[in-house]
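Letter by letter, the chains look like this.
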Amino acid sequence: MTQAAASAATSPTSAPGTPGAAAGSSSLWGDAWRRLKANRAAMAGGSVLLLCIVAALVLPLLSPYDYYTLDWNHLYQTPALGAGWHWLGTDALGRDLLVRVMWGCRISLLVGIVASLVTVIIGVLWGTTAGYVGGRTDGLMMRFVDVLYSVPFIPFVIVLMVLFGRELLLIFVAIGAVSWLDIARIVRGQTLSLKSREFVEAARVSGVGGFTMILRHLVPNLIGIVIIYSTLTIPTVILFEAFLSFLGLGVQSPMTSLGSMVADGTSQMQSYPHLLIIPALFLAAIIYGFNYLGDGLRDALDPRDR
Amino acid sequence: MLRYLLRRLAGAVPTLLLIATLAFAMLHAAPGGPFDTEKRMLPEIQRSIEARYHLDEPLWKQYGRYLGNLARGDLGPSYQYRSTSVNELIAQGFPVDVAVGGSALLIAVLVGGGIGMIAALRRNSLSDYALMGIAVLGISIPTFVIGPLLRLVFAIWLHWLPPGDWGGFSHLVLPAVALACPYTAYCARLMRGSMLEVLGSPFIRTARAKGLSQPVILLRHALKPALLPLVSYLGPAIAGVITGSIIIETVFGLPGIGRYFTTGALNRDYTLVMGITVLYGVIIILCNLLVDLCYAWLDPRVRLAR
């Protein structure tokens, strides 16, 4: 643990900054991209993700059905290929499963990405401010984070969703506001090590201070770790939205998310397994994709473990 | 040591106060009250009910009363289950949660740690990839899918275990396993990473050079330091198990407190929701303390009282 922390303090120097080592051809991002391309699991994960995103964006536009169109003649249909058919079958109300799964992907990805953005923004600002200002402010801010760590957030989110309506926007904000603690800690640690570096001192000497220093000089140097972390936060958020959906507190019908489709499917899995299997496959694919991509990014952007 | 414990426990008081205050504020800020029914009630009756539960008093007075009772360990009467106090509800349900959650954590650490160790020892072999693939699968399938699936296979098809309800040991197995799945997977990933790091460190090389056998090296030298990340993961894992138990109790129909929570929130059972939230806070605080103590025991470099 201590070892890792110590090497974390020195690692940025060896990778990005040193002008001698980065002789022309390979910048930090070029290097990272090369390493990422060599990582087959990460590339596979990324491709699956890209495929899901493109499909989720395009397929609903091509399909003759909407996510809310009812087809009373084809209830609980099993998947069947052919023109004019429901390719992945239909659900209890005869709604086309393909279109619904694609809408589910859209919503789940949207929830995941937006909530992670909220998380990252709060966490990075909090962490850099605490780390950069230091002293008593730092102590106070991090003590606050420690206290929040002991707050059972899930009950609070449940209460929030129950009492203040089940709005999509609220889901984003609630999840984002809950999960910024980890990243604030990580970012603070990184900031502490960046703070003593020459470029920060140079900037300070030339009169940069306060918020500009944080936004212009510290945050850009944290992008690597932030990208890694957000890639790994998105799947957690998607699963959390699924959890809320299971309790009936997530996205509301007729709109849907992968999580709520899986939750619906579970209740009918004995009679109509396709209603569970198909959305579960997409959910798993997206979460697999983000996890492997995130691991790959960590290896690529943060090569000290090799 | 004793001083450290006392200081930590004293530090928990403001945290608990914050949790109680947040819960109180959120519930009372929400539109609607616990006794607003759809049927029109005679105003006198409504008033007398509200007077009985002190809901007619000004908010600051209610808050003071609530905190005073809380300090004496009295969580108040439940609004929804008339004539039962929240303390009684918790006393009935909580042992179930402890049994299920505790066994789930035990499974996660033992099985997950074991899998991670095997994967680390056979690094980059086929079994390593297979085990880690399964681990990501375990992380990416929501508990509310694993639970019903396990029940379908082991209770309904094979008749090996009871499908739900609460009784002896056999009733504990399925819920605990289902709840443990994601944490087992995560522990396996953590253990693999830390074991690889430890096995590459100089003191293991020294042990090898001394000619110690593989089991001795692993169990006497490598295990303790490799467990560190696992132990620090236990803090968040406990919070997660609490969340998961809400779902598991719904799926298997267990008489724990998790399922009271959602219905309590839906029915505006203020005292019940606040009581359970505070209880969760206490659990998380105590477990975090326990984790820190374990940490100091595993890693002598950590000094508790700084």
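Residues numbered from 1 in each chain as written. Chains lettered and ligands numbered in written order. Predicted model: local features only at pLDDT ≥ 70, side-chain atom pairs only at ≥ 80, totals over all residues.

Student: Give me the lowdown on the overall build of chain B, citing residues and values where you can.
Tutor: A count of helices and strands for chain B gives 11 helices and 0 strands. The secondary structure elements of chain B, listed N-terminal to C-terminal, are α-α-α-α-α-α-α-α-α-α-α. On the principal axes, the C-alpha backbone points of chain B span a range of 85 × 55 × 30 Å. Expressed as a percentage of the 306 residues in chain B, the buried residues total 38%. Sequence separation of at least 24 residues holds for 75% of the intrachain contacts in chain B that already meet a minimum separation of 6. (Helix = DSSP H or I, 4+ residues; strand = E, 2+ residues; numbered from the N terminus. Buried ≥ 20, exposed ≤ 12 C-beta atoms within 10 Å, placed from the backbone. Contact = placed C-beta atoms within 7 Å.)

Student: Pulling in residues and values, what's your account of the overall build of chain A?
Tutor: Looking only at helices and strands, chain A has 13 helices and 0 strands in total. In sequence order, the secondary structure elements of chain A are arranged as α-α-α-α-α-α-α-α-α-α-α-α-α. Evaluated residue by residue, chain A yields a buried proportion of 43% over its 306 residues. Residue pairs at least 24 apart in sequence account for 72% of intrachain contacts in chain A once pairs closer than 6 positions are excluded.

Student: I'd like a rundown of the interface of chain A and chain B, residues and numbers included.
Tutor: Residue-level contacts link 31 residues of chain A with 35 residues of chain B. Every element with two or more residues in the side of chain A that touches chain B is listed here: α6 (153-163), α11 (223-246), α12 (258-267) and α13 (274-301) of chain A. Ranked by residues supplied to the side of chain A that touches chain B, first place goes to α6(A) with 8 residues. Looking at the side of chain A that touches chain B, its residues break down into 26 nonpolar, 5 polar and no charged. (Nonpolar A, V, L, I, M, F, W, Y, C, P; charged D, E, K, R; others polar.)

Student: Residue-level account of the environment of Ala184(A), with values.
Tutor: All names here are of chain A. Within the secondary structure, Ala184 sits in helix α8 (residues 181-195). The buried category is assigned to Ala184, around which 25 C-beta atoms lie within 10 Å. In this structure the C-alpha to C-alpha distance between Ala184 and Thr129, which are 55 residues apart in sequence, comes to 9.6 Å. Aside from chain neighbours lying at most four places away, what touches Ala184 is Gly123, Trp126, Gly127 and Val145.

Student: Mind laying out the packing of α6(A) against helix α10 (residues 258-266) of chain B, listing which residues take part and the relevant values?
Tutor: The relative placement of two packed helices is expressed as an angle between their axes plus a distance between the axes. Relative to each other, α6(A) and α10(B) sit at 30°, their axes nearing to 9 Å. Viewed along their axes, α6(A) and α10(B) adopt a mutual orientation that is roughly parallel. In this structure, α6(A) meets α10(B) at a crossing whose hand is right-handed. Listed contacts from α10(B) to Pro155(A), Ile158(A), Val159(A) and Val162(A) of α6(A) are Phe261(B), Thr262(B), Ala265(B) and Leu266(B). A per-class count over the contact of α6(A) with α10(B) returns 7 nonpolar, 1 polar and no charged. (Axes fitted to C-alpha atoms, helices over the stretch in contact; angles between N-to-C directions. Parallel < 35°, antiparallel > 145°, perpendicular 65-115°, else oblique. Left-handed = near helix turned anticlockwise from the far one by under 90°.)

Student: Describe the nonpolar core, naming the residues involved and giving the relevant values.
Tutor: Of all hydrophobic cores here, the largest spans 158 residues; its most connected members are Cys187(B) and Val273(B). Counting residues per element, this core draws most heavily on helix α9 (residues 214-252) of chain B, at 17 residues. Setting aside its immediate chain neighbours within four residues, Val273(B) contacts Val159(A), Ala23(B), Leu27(B), Phe261(B), Gly264(B) and Ala265(B). (Core = buried A, V, L, I, M, F, W, Y, C linked by C-beta atoms within 7 Å.)

Student: Can you tell me about the packing of helix α4 (residues 86-121) of chain B against helix α11 (residues 270-298) of chain B, naming the residues and giving the values?
Tutor: All names here are of chain B. Interhelical geometry of α4 versus α11 gives an angle of 50° and a closest axis separation of 10 Å. The angle between α4 and α11 places the two elements in the oblique class. Where α4 crosses over α11, the handedness of that crossing is right-handed. Contacts between α4 and α11 pair Val86, Leu89 and Ile90 from the former with Thr271, Leu272, Gly275 and Leu279 from the latter. When the residues that make up the contact of α4 with α11 are grouped by side-chain class, the tally is 5 nonpolar, 2 polar and no charged.

Student: An account of the confidence of the model for chain B is needed here, citing residue identities and associated values.
Tutor: When pLDDT is averaged along chain B, the result is 82; 95% of the residues meet or exceed 70. Across the predicted assembly, pTM comes out at 0.79 and ipTM at 0.77. (pLDDT = per-residue confidence, 0-100.)

Student: Outline the environment of Val98(B), supporting the account with residue identities and numerical values.
Tutor: By the secondary structure assignment, Val98(B) is in helix α4. As a C-alpha pair, Val98(B) and Glu249(B) span 151 residues in sequence and 12 Å in three-dimensional space.

Student: An account of the confidence of the model for chain A is needed here, citing residue identities and associated values.
Tutor: Residues and elements named next belong to chain A. Chain-level pLDDT for chain A is 78 on average; 85% of the residues reach the 70-or-more range. Within chain A, the lowest mean pLDDT, 40, falls on helix α1 (residues 2-17), and the highest, 88, falls on helix α4 (residues 97-133). In the model, residues 1-24 has pLDDT below 50 throughout and makes 14 contacts with residues more than four positions away in sequence or in other chains.

Student: Describe unusual backbone geometry, and please don't skip the residues or the numbers.
Tutor: All names here are of chain B. A positive phi angle, close to 60°, is found at Asn124, a residue other than glycine. By the secondary structure assignment, Asn124 is in the loop between α4 and α5 (126-140). Assessed through the 7 C-beta atoms surrounding it within 10 Å, Asn124 is described here as exposed.

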